[in-house]
Amino acid sequence: MEGVRVHPTQQEERIITLDVIRGFALLGILLVNMQFFVAPKLFLMLSGVTLFEGAISNTADWLITIFATGKFFTTFSFLFGLGFFLFMERVSAKGLSVGRLYSRRLSFLLMLGLIHIFIFWSGDILLNYAIAGFLLLLFRKSSIEKIRKWAIGIFSVVVFLTGFFTFLSSLMENVLGEEYAPMNDWASLVEQSVIVFQNGNFSEILAFRLTEEIPLILPNFIITIPMVLFIFLIGLYVGKKGVLMNISGHLGWIRKVWKKSFIYGAVLTFVYVILKAELFIVPFYLHEASLEVLSLISGLVVSFFYISSITLLCQQRQWKVRLKFLAPVGQMALTNYLLQTVICLMLFYGYGLGLYGKVAPEVGILITFVIFTAQVFLSKFWMARYKYGPLEHVWRAFTYKGV
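Computed from a predicted structure; not experimentally measured. (Residues numbered from 1 in each chain as written. Predicted model: local features only at pLDDT ≥ 70, side-chain atom pairs only at ≥ 80, totals over all residues. Heavy atoms only, no water.)

### A short note on the packing of aromatic side chains
All chains considered together, the criterion is met by 31 aromatic pairs. Between the aromatic rings of phenylalanine 202 and tyrosine 351, the centroid separation amounts to 5.6 Å while the plane-to-plane angle is 50°, which identifies the pairing as tilted. Placement of the pair is phenylalanine 202 in helix α9 (residues 202-217) and tyrosine 351 in the loop between α15 (333-348) and α16 (361-383), with a sequence separation of 149 residues. Among the residues examined, phenylalanine 202 registers a relative accessible area of 35% and is labelled partly exposed. Using a relative accessible area of 27% as the deciding quantity, one classes tyrosine 351 as partly exposed. Note on tryptophan 382 and tyrosine 386: the rings are 4.5 Å apart at their centroids and 35° apart in plane angle, and the pair reads as tilted. (Phe/Tyr/Trp six-rings, centres within 6.5 Å; stacked < 30°, edge-to-face > 60°. Helix = DSSP H or I, 4+ residues; strand = E, 2+ residues; numbered from the N terminus. Buried < 20%, exposed > 50% of the residue type's maximum accessible area, 1.4 Å probe, protein only.)

Next comes the structure, spelled out in structure tokens:
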């Protein structure tokens, strides 16, 4: 539209609560991803093999499982959905096409995701975000009630498919026994991956990833993309409801979410721990399915507890000051997310320090906090001098080019 210029959100327009939550989520994401950076976590889970024994390592694994796994991915996804609403409102106010500009935004994310997952690291989430983001565009004009119904419906399907596929896998493994085992020689892949990632060069590691990891990960998109879309819809729902744009007017609703998510999250997590520790036995064909479904639901509920807790804390002046250090990290979230990958590849892969398979879970937690602390200072330094992070600047320029 001639004569109308749209500029990205200026720093003073940002909602600091969202940046703080986003920064907190990046810490949690690194905490969970560190398990996959330092060791073949995917193959370890499938094989039942453990690289590190001992009370300290087991405690570290449990802490990550209870407080982080499935919680921060959900938190980050929620913020993406809410961000879509804010973007939509800003662009619509200028009389421009939300679909066209947001499609450009997603196209950039899609390119980054493809490069990230295929070339560097199989744990990428950007590709899922881009694909689910294009589906989210279909709901930009939907009413709050329609969004709520679709979210419930999609989540119900995700829960069913998660439980059903896990049930089938458990059934086949237990019924077929040794006949099923050769199809899934995960223990052998654990050994191979440690050798390759610890000692291999870039091309050797890439070849292993493309042949062994990627074929195992891509089918999971059947579950992960609908799950991401569901969480996006929750973020869009909260955005259209006006909650974070008028927090003071929705404090009662937020406190209600906080209370319920705390209670339900604690109960679901407790049941999950009981089942995972095998303190309560269920039929073999239901055990893994129950764990997967409980992990999915509890992760979602606990993420709501984290989001509502930080939102409420940020309404108190003293806590807002204490948590403000997370805001710069959240403002350049894309840069920091990919920077975490670069740092970890240099630490653990063969073309770096080659620490892959040598780092115990408790040391992984320590490394996580060291990296994140460095990102806090780096982000503060950068945002004090520039309006956007490096990748954020490129992303925005690509989105608004020619507008």
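This is not the end of the story, as more comes after the structure.
### Considering a negative patch on the surface
Negative charge collects at one region of the surface, where Glu173, Glu278, Glu288 and Glu292 lie side by side. If you trace the backbone, glutamate 288 turns up in helix α12 (residues 284-313). Note on glutamate 288: relative accessible area 36%, which makes it partly exposed. (Patch = residues over 30% accessible without salt bridge, like charges linked within 9 Å, V, L, I, M, F, W, Y side chains within 5 Å. Areas by Shrake-Rupley, 256 points an atom, 1.4 Å probe, with all protein chains shown as cover. Salt bridge = Lys/Arg side-chain N within 4 Å of Asp/Glu carboxyl O. Lys, Arg positive; Asp, Glu negative; His and termini not counted. Charge placed at Lys NZ, Arg CZ, Asp CG, Glu CD.)

### Thoughts on the side chain of glutamine 35
By the element assignment, glutamine 35 lies in helix α1 (residues 16-38). For glutamine 35, the side chain forms a polar contact with the side chain of lysine 41, separated by 3.5 Å. With residues near it in sequence (within four places) discarded, glutamine 35 still touches Lys41, Asp61, Ile64 and Thr69. (Polar contact = N/O pair within 3.5 Å; in protein donor to acceptor, adjacent residues only side chain to side chain. Contact = heavy atoms within 4.5 Å.)

### Concerning the environment of valine 282
Structurally, the position occupied by valine 282 is in the loop between α11 (251-276) and α12. Excluding anything up to four places from it in sequence, valine 282 contacts Leu275 and His287.

### Re helix α5 (residues 98-120)
For α5, spanning 23 residues, the distance from its first C-alpha to its last is 32 Å, which sits close to the expected 33 Å at 1.5 Å a residue. Those residues of α5 that fall on the buried side of the exposure criterion are Val98, Gly99, Leu101, Tyr102, Arg105, Leu106, Phe108, Leu109, Leu112, Gly113, His116 and Ile117. Summarising the contacts, the buried residues of α5 are in contact with α4 (72-93), α6 (126-136), α9, α10 (221-241), α15 and α17 (390-400). The N-cap residue of α5 is serine 97: its side-chain oxygen and the backbone nitrogen of arginine 100 are 3.1 Å apart. (Expected span 1.5 Å × (residues − 1).)

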